[in-house]
Amino acid sequence: MRQTIKSLAVLAVAGTAAFAAAPAVADDGPTLKAVKERGEVLCGVHQGRYGFAIADSQGKWKGLDVDFCRAVAAAVLGDSEKVKYMPLGSVQRFPALQSGEVDMLSRTTTITLTRDSALGLNFGPPTFYTGTGFMVRKSIGATKVDDLAGAAVCVFPGSTTEKNIAALFASKKMDYKPVVIESSKQLVGAYMSGRCDVLAMDQAGLPGHQQFDASNPADHMIIPGVYSKEPLGVGVRAGDDQWFDIIKWVTHVTFNAEEWGISSKNVDEMKASNDINIQRLLGVKGDLGAKLGLDKEWAYRVVKQVGNYGEIYDSNWGPPLNLERGINELWTKGGLMYGFPMK
Amino acid sequence: METKNKTDESIFYSNAFRSVAYQAVLFGLLTLLGWYLYSNVNENLARQGIATGWNFLTTSSGFDIGESVIRYDAGDTYGRALLVGFLNTLRVAVLGIVLATFLGVFMGVARVSSNWLLSTIASWYVEICRNVPVVLHVIFWGTVIHLLPAPKQAIIPFEGAFIMNRGVVMPFPVANDAYVWVGVALLVGIIGVVVLNKWAQRKRERTGEYIPTLWKGLGVLIAPPLLVWLAFGAPLVWDVPSLQGFNFKGGLQFSPELIALLVGITFYTGAFIAEIVRSGIQSVASGQIEAARALGLRPGFIMRYVTMPQALRVIVPPTTSQYLSLTKNSSLGVLIGYPDLVNIGNTTLNQTGQSVEAIAVMMMVYLSISIVISICMNIYNRVAAIKER
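Residues numbered from 1 in each chain as written. Chains lettered and ligands numbered in written order. Predicted model: local features only at pLDDT ≥ 70, side-chain atom pairs only at ≥ 80, totals over all residues. Heavy atoms only, no water.

A. Molecular detail of the overall build of chain B. Regarding its fold elements, chain B presents 12 helices and 7 strands. A compact globule built from 389 residues should have a C-alpha radius of gyration of about 21 Å, whereas chain B, at 27 Å, is more than 25% larger. Viewed in the frame of its principal axes, chain B has a C-alpha envelope of about 75 × 70 × 45 Å. The burial tally for chain B puts 39% of its 389 residues in the buried class. The long-range share in chain B, meaning contacts at least 24 apart out of those at least 6 apart in sequence, stands at 66%. Within the structure as shown, chain B displays about 21,600 Å² of accessible surface, and the carbon and sulfur contribution to it stands at 69%. If you average the places of the 27 positive and of the 20 negative side-chain charges in chain B, the two averages end up 11 Å apart. (Helix = DSSP H or I, 4+ residues; strand = E, 2+ residues; numbered from the N terminus. Rg over C-alpha atoms; globule rule 2.2 N^0.38 Å. Buried < 20%, exposed > 50% of the residue type's maximum accessible area, 1.4 Å probe, protein only. Contact = heavy atoms within 4.5 Å. Areas by Shrake-Rupley, 256 points an atom, 1.4 Å probe, with all protein chains shown as cover. Lys, Arg positive; Asp, Glu negative; His and termini not counted. Charge placed at Lys NZ, Arg CZ, Asp CG, Glu CD.)

Structure below.
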């Protein structure tokens, strides 16, 4: 039977489930052990979304999701470059994680109850808050969602967006025609060529496509407002608590570092700080790393090699995308980013 | 069966016993393997905390589908969503098989034609289309359609029809109760044609008199539905598509995804069928045709009564394989966004996380479609095979 690559990936899960040996795995951190032996973190990322994960002309990956892969590699392996990126489609991503093809899924993935439970996954703290947004050609004369009745909408299959727009249009008793294509290039291309009136996805993904994929960015506009809650976070397989904890606390390191004023530039000086919180975080005092199965300097390396959350945000959403931080600000500045106590 | 060896009557040396025993052991091993795989899947899924079972089929899907031959919305179940996908697969497969057969037979006959232009075009078609991967065919046509003008600047081949980057729309008669009876009458017409042909054949075999049935047959075919339609007062209202808001509403609509997929797999498979038809025609010994000519048979007669019956023996079995691969190639629709079974199956497994079940559904459906096609073609093959008289 001729199948697409994606289906093969999915078949691989079925195959793995069928042939994997039945005995239960060892208790002492199988993922951490495998990562250390391999010397590489396998990280599932988006195939290409500006600001989250995109490979440049040299094949070097950049983006907010990518930086969390790098942060984990810095903490676990001591080098933020020891990451193997696996670009995954929206449909392949969960099977890839479930079957062990990747160690972590940092791929604009919305945390939902079903994914957390029925899919056998766990999610770290949200690394980005966004919501479903719509981009349209200015020429169609639509300025709000109510103007979109009867429109053809390009959307990724298997995404939360797909369900959000179904609910949104149904609640407004409006008709629409979904066009679902899994390949990011094909989907955005279909919108740009005029197959769809609307491109729907997490709103944060839209400015990149407007800036870089449109022949004339000024012909397009992003409809103001977001139409769902999309907390994006890093996913891991359920059942490996230690690895889950590492993902969780590496994320909190980036939040706390920003709150406490530690950046990649001043992290060495900050080691001399009198603040006990900073001393614990950077491994000057205490043994936080050992509790996660890591060394003393794990958090120091995250900040040194990747940066605090503010630095990560600015390097990916600064110019030319210029996406305002909004609710992705620290809680101290009116946002939702809240680092948990590291003690 | 009795053992030949009279000196040893032991049951272990009995052929009958042995054949049964071997099969029983093999069956047992296969069952054990199946059971092992099944329990292993369950155990591993349970250990990973992944939901299992078929309950998802009856829960609401929450996503919409671009085109469907049955009514469907986001409030319907995953089971119905998969049914929509199955029907979409079936639609493109049936249309593809019909179109590829016409194209293939035409090109195959053209390749052996003595007309230089015709045979050259046919051989170029075959060489280009069968040497390009089918994936590229599909993506190529998908791109071509996206390059067509927008709905407001649509190409209008005739009044009421529009060709654009949103597909092709054309007027279609509004449904009417009378059409059911017209359909029945058409069926009567088809039976009439079959009876007419049989009668003409008997008469020819008995008397040698040739009765041309083409025009008579056409009359028998068309007259009953036409009369029924007139008897109902010739009801005909065209549902003419019109541009409302962003898109055309009404009429008969073909989405760009359906067209791209259909054209892609038709061109690809048509090239293979053309080669099969050509090889079938060329497999008929030239002496047969010369003999038929010597008897004074007309060219059409030679094709129909001498060449084709022998060529079909060669043509039908490999064509079955082409039909099967066309059906399976239709799963490439996912690449361009045609909502076929694989497309919806993938979305389902991603929304529910139940990959094993979703894959199982897809495999069972493709297997069933393939088996049905095989059975139909085997029956046809038996009809087409030369009967020794």
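B. Spotlight on the overall build of chain A. Each helix and strand in chain A was counted, giving 14 helices and 14 strands. Taken over C-alpha atoms, the radius of gyration comes to 21 Å for chain A, in line with the 20 Å a tight globule of 343 residues would show. Along the first, second and third principal axes, the C-alpha set of chain A runs to 60 × 50 × 40 Å. A fraction of 74% describes how many contacts in chain A between residues 6 or more apart in sequence connect residues 24 or more apart. If you sum the accessible surface of chain A, you get close to 13,300 Å²; carbon and sulfur atoms cover 54% of it. Between the mean site of the 37 positive side-chain charges and the mean site of the 37 negative ones, chain A shows a separation of 2 Å.

C. Structural context of the pattern of salt bridges. Per the stated rule, a full pass over the model turns up 24 salt bridges over all chains. A salt bridge links Asp202(A) to Arg49(A), with the nearest nitrogen and oxygen atoms 3.9 Å apart. In this pair, Asp202(A) sits in strand β11 (residues 198-202) while Arg49(A) sits in the loop between β1 (41-46) and β2 (54-55), placing the two residues 153 residues apart along the sequence. Like Asp202(A), the residue Arg49(A) is buried in the burial classification. Glu81(A) is the partner of Lys60(A) in a salt bridge, and the nearest nitrogen-oxygen pair spans 3.7 Å. With Lys60(A) in the loop between β2 and β3 (61-62) and Glu81(A) in the loop between α3 (64-77) and β4 (83-88), this residue pair connects regions lying 21 residues apart in the sequence. Residue classification places Lys60(A) among the partly exposed positions, given a relative accessible area of 47%. Classification of Glu81(A) as partly exposed rests on a relative accessible area of 47%. Shared partners join several salt bridges into a network, and the residues in it are Arg111(B), Glu127(B), Arg130(B), Glu275(B) and Arg278(B). (Salt bridge = Lys/Arg side-chain N within 4 Å of Asp/Glu carboxyl O.)

D. Molecular detail of the layout of surface pockets. All names here are of chain B. Space inside the largest pocket adds up to approximately 1,300 Å³. Lining the largest pocket are 36 residues, and of these Arg-304, Tyr-305, Met-308, Pro-309 and Leu-312 lie nearest its centre. Those elements that provide at least two residues to the lining of the largest pocket are α2 (78-111), α5 (178-207), α7 (256-283), α9 (299-329) and α12 (355-384). A total of 12 residues in the lining of the largest pocket trace back to one element, the largest contributor, which is α9. Per-class residue counts for the lining of the largest pocket are 23 nonpolar, 6 polar and 7 charged. (1 Å grid on protein atoms, 1.4 Å probe; cavity = no way out; pocket = protein on both sides within 12 Å on 5 of 7 lines; lining within 4 Å. Points joined across faces, edges and corners; volume = space filled by probe spheres on them. Nonpolar A, V, L, I, M, F, W, Y, C, P; charged D, E, K, R; others polar.)

E. Region of the structure containing the sheet that holds strand β12 (residues 220-222) of chain A. Residues and elements named next belong to chain A. The strand order β10-β9-β11-β8-β12 describes an open sheet built from 5 strands, whose pairing is mixed. If you trace the sheet from one side to the other, it starts and ends with β10 (176-180) and β12, each paired once. Averaged over all pairs of adjacent strands, the angle between their axes in this sheet comes to 30°, without regard to strand direction. (Pairing = 2+ DSSP bridges. Axes fitted to C-alpha atoms, helices over the stretch in contact; angles between N-to-C directions.)

F. Focus on the domain arrangement of chain A. Residue and element names in this part refer to chain A. Splitting chain A by domain gives domain 1 (5-129 + 232-333) and domain 2 (132-228). Domain 1 and domain 2 are separated by 29 Å when their C-alpha centres are compared. Facing 22 residues of domain 1, the contacting portion of domain 2 comprises 18 residues. Roughly 1,500 Å² of surface becomes buried between domain 1 and domain 2 when both sides are summed, with 57% attributable to carbon and sulfur atoms. (Domains from an automatic or database assignment. Buried area = accessible area lost by both parts, 1.4 Å probe.)

G. Representation of unusual backbone geometry within the structure. A cis amide bond links Pro319(A) to the next residue, Pro320(A), at an omega of 5°. Structurally, Pro320(A) is set in the segment after α14 (309-317). Notably, Asn322(A) is not glycine yet its phi reads approximately 50°, a positive angle. With respect to the helices and strands, Asn322(A) occurs in the segment after α14. The class for Asn322(A) is exposed, based on a relative accessible area of 54%. The residue Ala234(B) is not glycine, and still its phi comes out positive at about 50°.

H. Region of interest: the interface of chain A and chain B. Taken together, the contact pairs 57 residues of chain A with 51 residues of chain B. Approximately 4,400 Å² of surface area, both sides summed, lies buried where chain A meets chain B, with 53% of it carried by carbon and sulfur atoms. Secondary-structure elements contributing two or more residues to the side of chain A that touches chain B are α1 (5-19), α4 (93-98), α5 (113-117), β9 (151-155), α6 (160-171), β10 and α7 (184-192) of chain A. In terms of residues, the side of chain A that touches chain B owes the most to one element, α1(A), which gives 9 residues. The residue makeup of the side of chain A that touches chain B, split by class, is 33 nonpolar, 13 polar and 11 charged.

I. Here's a closer look at the nonpolar core. Judged by nonpolar contacts, the single largest core of 59 residues is most densely connected at Val76(A), Met104(A), Phe128(A), Trp243(A) and Trp298(A). No other element matches α3(A), which puts 10 residues into this core. Core analysis: the second largest hydrophobic core is formed by 53 residues, Ala100(B), Val277(B), Leu324(B) and Ala358(B) among them. (Core = buried A, V, L, I, M, F, W, Y, C linked by side-chain atoms within 4.5 Å.)

J. Quick look at the environment of Asn131(B). All names here are of chain B. Residue position: Asn-131 is located in the loop between α3 (116-130) and α4 (134-146). Taking the relative accessible area as the measure of exposure, Asn-131 reaches 54% and is therefore exposed. For the pair Asn-131 and Met-164, spaced 33 residues apart in sequence, the C-alpha separation works out to 29 Å.

K. Region of interest: the pairing of β1(A). Residues and elements named next belong to chain A. Of all the 6 residues making up β1, 6 are buried; the element is thus mostly covered by neighbouring parts of the structure. Here β1 pairs with β4 via 6 bridges, running parallel. What sits directly across from Cys-43, in β4, is Tyr-85. Relative to strand β5 (residues 104-105), β1 runs parallel, the two being bridged by 2 bridges. Looking across to β5, one finds that Cys-43 is bridged to Met-104.

L. The packing of aromatic side chains, seen in detail. Residues and elements named next belong to chain A. One pass over the structure, following the stated rule, counts 25 aromatic pairs over all chains. Where Trp-61 meets Tyr-85, the ring centres are 5.9 Å apart and the plane angle is 35°; that geometry is what we call tilted. Of this pair, Trp-61 sits in strand β3 while Tyr-85 sits in strand β4, and the two are 24 residues apart along the sequence. Each member of the pair, Trp-61 as well as Tyr-85, carries the same accessibility label: buried. With 6.2 Å between their ring centres and 75° between their planes, Tyr-338 and Phe-340 make a pair best called edge-to-face. Residue Tyr-338 is classed as partly exposed on the basis of its relative accessible area of 43%. Among the aromatic residues, those joined into a cluster by ring pairs are Phe-52, Phe-68, Phe-128, Phe-255, Tyr-309, Tyr-313 and Trp-317. A cation sits over an aromatic face here: Arg-137 above Tyr-191, 4.9 Å from the ring centre. Lys-248 extends its terminal NZ or CZ atom over the ring of Phe-244, reaching a point 4.7 Å from the ring centre. (Phe/Tyr/Trp six-rings, centres within 6.5 Å; stacked < 30°, edge-to-face > 60°. Lys NZ or Arg CZ within 6 Å of the ring centre and 35° of its normal.)

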